[in-house]
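# Geometric and topological summary
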Amino acid sequence: MNDAMAVLQGALSGDGDAVAGTFDAVVDRSGVVGAYDVAWCLAATMVGQEAPPGACALEFPGIDEAAYDTRWVARFVSAYANHDADTGEALFTTALADGRLGDCLLTLAGSTIATLRDRTD
């Protein structure tokens, strides 16, 4: 939880290097599984208590035109909302294999901050 808070603090201040540094520290300490746990926690923060399981689609109109990291975040958060850890893990592993995980995690952190800001408005 402290790692997720550190990621959010970096994202809130617009410091992408701090966000990346926190994820790097998590990987150094806990491996990729630790980074996944932080990402899953960010998805939980975005979803909150409002979405019932199974209510979020992984595919929807226009998703294929979105940037890789944007598609990834939409699908990863949907997997969380659907309580579908297998899909979340598959998305995480695929982004890692594609060499895009860092971009995806930065976008996830920024999206989480944007969601939290929307809730307070």
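To start, this report covers the structure provided alongside it. Keep in mind that this is a model prediction, so the values were computed, not measured.

### Section: the packing of helix α1 (residues 2–12) against helix α5 (residues 101–120)
Packing of α1 against α5 leaves a shortest axis separation of 9 Å and a crossing angle of 80°. Relative to α5, α1 is oriented roughly perpendicular. Each of V7, L8, A11 and L12 in α1 lies in contact with α5, whose residues at this interface are A109, G110, T112, I113 and R117. When grouped by side-chain class, the residues that make up the contact of α1 with α5 number six nonpolar, two polar and one charged.

### Details of a nonpolar patch on the surface
Side chains of V27, V32 and L96 sit close together on the surface and give an oily, nonpolar patch of about 200 Å² of accessible area. By the secondary structure assignment, V27 is in helix α2 (residues 16–47). Of the residues examined, V27 reaches a relative accessible area of 34% and is grouped as partly exposed.

Cut-offs used in this document
Residues numbered from 1 in each chain as written. Predicted model: local features only at pLDDT ≥ 70, side-chain atom pairs only at ≥ 80, totals over all residues. Heavy atoms only, no water. Axes fitted to C-alpha atoms, helices over the stretch in contact; angles between N-to-C directions. Helix = DSSP H or I, 4+ residues; strand = E, 2+ residues; numbered from the N terminus. Parallel < 35°, antiparallel > 145°, perpendicular 65-115°, else oblique. Contact = heavy atoms within 4.5 Å. Nonpolar A, V, L, I, M, F, W, Y, C, P; charged D, E, K, R; others polar. Patch = residues over 30% accessible without salt bridge, like charges linked within 9 Å, V, L, I, M, F, W, Y side chains within 5 Å. Areas by Shrake-Rupley, 256 points an atom, 1.4 Å probe, with all protein chains shown as cover. Salt bridge = Lys/Arg side-chain N within 4 Å of Asp/Glu carboxyl O. Buried < 20%, exposed > 50% of the residue type's maximum accessible area, 1.4 Å probe, protein only.

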